[in-house]
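Inside the fold
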Amino acid sequence: MMKTELYTPFLDATRQVLQTMLDLSDIAERSAEQFDEGQENLEISVGVVGDLEGTITYRFPSDTSLNIVQILSGMEMDSVDDFVASAVSEIANIISGTVMTLLSADNLTCDILPPVQGRLDNQKEYTQHTQCCITTSAGDICLDIALSRA
Amino acid sequence: MFWKDKYKLGVALIDKEHEELFRRVEAFMKTLRSNESWGDKVHEVNETLEFMKVYVVEHFSHEEAYQKKIGYPGLEDHKKKHDEMVEYVVGVSDQYEKSGFDQQLMQQFGGRLLAWLVNHVAVEDQRIASYAIDKGVANDEN
Ligand SMILES: [Fe+2]
């Protein structure tokens, strides 16, 4: 899959948020093919409206979700329950908000909708379709980005 | 420990309140996450929730007063973020009471509050501190 011009702001925002919130500095890019498909994923979708329209879908494998919330709270987490899923959704929300700030520097004005759990099924075709996957000591995270210019 | 020294901003007043805020949120999370059954702990959850709600609002207003005092240019934006959070907290609490203390609502609230707070303190509040330090007013008596 081709990397579109949107790839960099998404990678930068993810890196920035994980670094400030979780102290993760060992963040490396990873191809979507290498993404750990062996575990169950928590999927979070964030809608985008404005100059760009579409959806960002975040995939957090269970281990990643648990590690992240453990780092944040200093408490042991043993299953991806409502508390964990909600904390991870807020992180997806924060990353998306950071992306919007980076895009506004390129004169793209967009807003995000509240995060929802699951994948939004829609049949629309998007002109910009890219994936941004990373690996960290807390686990892998993958973003599916499907956006079009409004 | 939920609070980490790296969250310190170098502004005495804000640091003190943040540590207290983290303590309250931690107490809330601990109760929320304990192994007791919901029926056994709901009373304590509600108590720590009320306690924490009051402290959040108090702290926000102190922080806003501080921003005003030092002439922080981002006050309006920052206040908007506080107001949105208070609106969310009040909204969920209402819904929670109406639902007859639904556990799922509170677990979701706790998770979101956790991530919001860490990001807010590590990113948004950091900007106030950078401004205060640049202006050389960070540790004036408040
Ligand atoms: Fe604040």
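Here goes a summary of the coordinates provided. All of these numbers come straight from a predicted model, not from anything done at the bench.

Conventions we followed
- Residues numbered from 1 in each chain as written.
- Chains lettered and ligands numbered in written order.
- Predicted model: local features only at pLDDT ≥ 70, side-chain atom pairs only at ≥ 80, totals over all residues.
- Heavy atoms only, no water.
- Donors = N, O, S within 2.8 Å, 3.2 Å for Na, K, Ca; no water.
- Helix = DSSP H or I, 4+ residues; strand = E, 2+ residues; numbered from the N terminus.
- Buried < 20%, exposed > 50% of the residue type's maximum accessible area, 1.4 Å probe, protein only.
- Salt bridge = Lys/Arg side-chain N within 4 Å of Asp/Glu carboxyl O.

Between any two of four tetrahedral donors, the ideal angle at the metal is 109.5 degrees; between two of six octahedral donors, it is 90 or 180 degrees. Residue and element names in this part refer to chain B. Taken together, Glu63 (OE), His78 (NE2), His82 (NE2), His120 (NE2) and Asp125 (OD) make up the protein donors of the iron ion, found 2.0 to 2.3 Å from the metal. Every donor residue of the iron ion comes from the same chain, spaced as E-x14-H-x3-H-x37-H-x4-D. Pair noted here: His78 is in helix H3 (residues 75-98) and Asp125 is in helix H4 (residues 103-135), with a separation of 47 residues, a long-range link. For the pair His78 and Asp125, one class covers both residues: buried.

Looking now at the pattern of salt bridges. Applying the stated criterion across every chain yields a total of 15 salt bridges over all chains. Between A:Arg59 and A:Asp144 there is a salt bridge, with its nearest N and O atoms 3.6 Å apart. Within this pair, whereas A:Arg59 is found in strand E3 (residues 52-61), its partner A:Asp144 is found in strand E7 (residues 139-149), the two being separated by 85 residues in sequence. By the burial criterion, A:Arg59 is buried, and A:Asp144 matches it. Here B:Arg112 ties to A:Glu90 by a salt bridge, and the two come within 3.1 Å at their closest N and O atoms. Of the two residues, B:Arg112 sits in helix H4 while A:Glu90 sits in helix H3 (residues 82-104), which places them in two different chains. Judged by its relative accessible area of 28%, B:Arg112 falls in the partly exposed class. When its relative accessible area of 4% is taken as the criterion, A:Glu90 is described as buried. The structure contains a network of salt bridges with shared partners spanning A:Glu43, A:Arg59, A:Arg119 and A:Asp144.

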